[in-house]
Amino acid sequence: MKLIMAVVKPFKLDDVREALTPLGIQGMTVSEVKGFGRQKGQAEIYRGAEYMVNFLPKVKIEVAANDDMVESIVEAIERSAHTGKIGDGKIFVCDLERAVRIRTGETDTEAL
């Protein structure tokens, strides 16, 4: 099992969800986060004064999946979150050692 974490632009969240639904993804966790990458924030103008925004708003999506689904999930996220502009985000894939569905006690792939 793998845990796929994607940090994307907030306005791309619906596109990512729509891309994952046909793959049979039955659940995901979404968090509003702030951060920066290579762009190191951005300059904005408010009431005529320029100031730096060091942490940009992003959305973190987490999906747990069987090993055989990982490539198609990563490709769907990459395709749907892409704008071609700096700050499109990142996708991380980590090993998921164990999963338990609290309601039923199912474990690992059955819990997904």
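Here we summarise the structure given alongside this text. (Residues numbered from 1 in each chain as written. Predicted model: local features only at pLDDT ≥ 70, side-chain atom pairs only at ≥ 80, totals over all residues. Heavy atoms only, no water.)

Another aspect to go through is helix α2 (residues 70-81). Taking 1.5 Å per residue as the helical rise, α2 with its 12 residues ought to reach 16 Å, and the 16 Å between its terminal C-alpha atoms agrees with that figure. Buried within α2 we find Val70, Ile73, Val74, Ala76, Ile77, Ser80 and Ala81. The buried side chains of α2 occupy one side of the element, clustering within an arc of 160° when seen end-on. Exposed residues pointing more than 90 degrees away from the buried face of α2 are listed as Glu71, Glu78 and Arg79. Along its buried surface, α2 packs onto β1 (2-8), α1 (13-20), β5 (56-65) and β6 (89-95). (Helix = DSSP H or I, 4+ residues; strand = E, 2+ residues; numbered from the N terminus. Expected span 1.5 Å × (residues − 1). Buried < 20%, exposed > 50% of the residue type's maximum accessible area, 1.4 Å probe, protein only. Arc of directions from axis to C-beta. Contact = heavy atoms within 4.5 Å.)

What follows is about the nonpolar core. Counting residues in each nonpolar core, the largest one holds 17 residues, and the members touching the most others are Ile4, Leu20, Ile73 and Ile77. Among the secondary structure elements, those contributing two or more residues to this core are β1, α1, β5 and α2. Those residues in contact with Ile73, other than ones at most four positions away along the chain, are Ile4, Leu20, Leu23, Ile25, Val63 and Ala65. (Core = buried A, V, L, I, M, F, W, Y, C linked by side-chain atoms within 4.5 Å.)

In spatial order, the strands read β2-β5-β1-β6; together these four strands make up an open sheet with antiparallel pairing. What marks the edges here is a single partner per strand, and that holds for β2 (29-35) and β6. Averaged over all adjacent pairs, the angle separating strand axes in this sheet is 20°, with direction ignored. Here seven bridges tie β1 to β6, and the two strands are oriented antiparallel to one another. Among the inter-strand pairings, Met5 is bridged to a residue of β6, identified as Phe92. Packing of α2 onto the sheet brings it into contact with β1, β5 and β6, and relative to β1 it is tilted by some 5°. (Pairing = 2+ DSSP bridges. Axes fitted to C-alpha atoms, helices over the stretch in contact; angles between N-to-C directions.)

Relative to the elements of secondary structure, Lys9 occurs in the loop between β1 and α1. For Lys9, the contacting residues outside a window of four places in its chain are Lys58, Thr83, Lys85, Ile86, Gly87 and Asp88.

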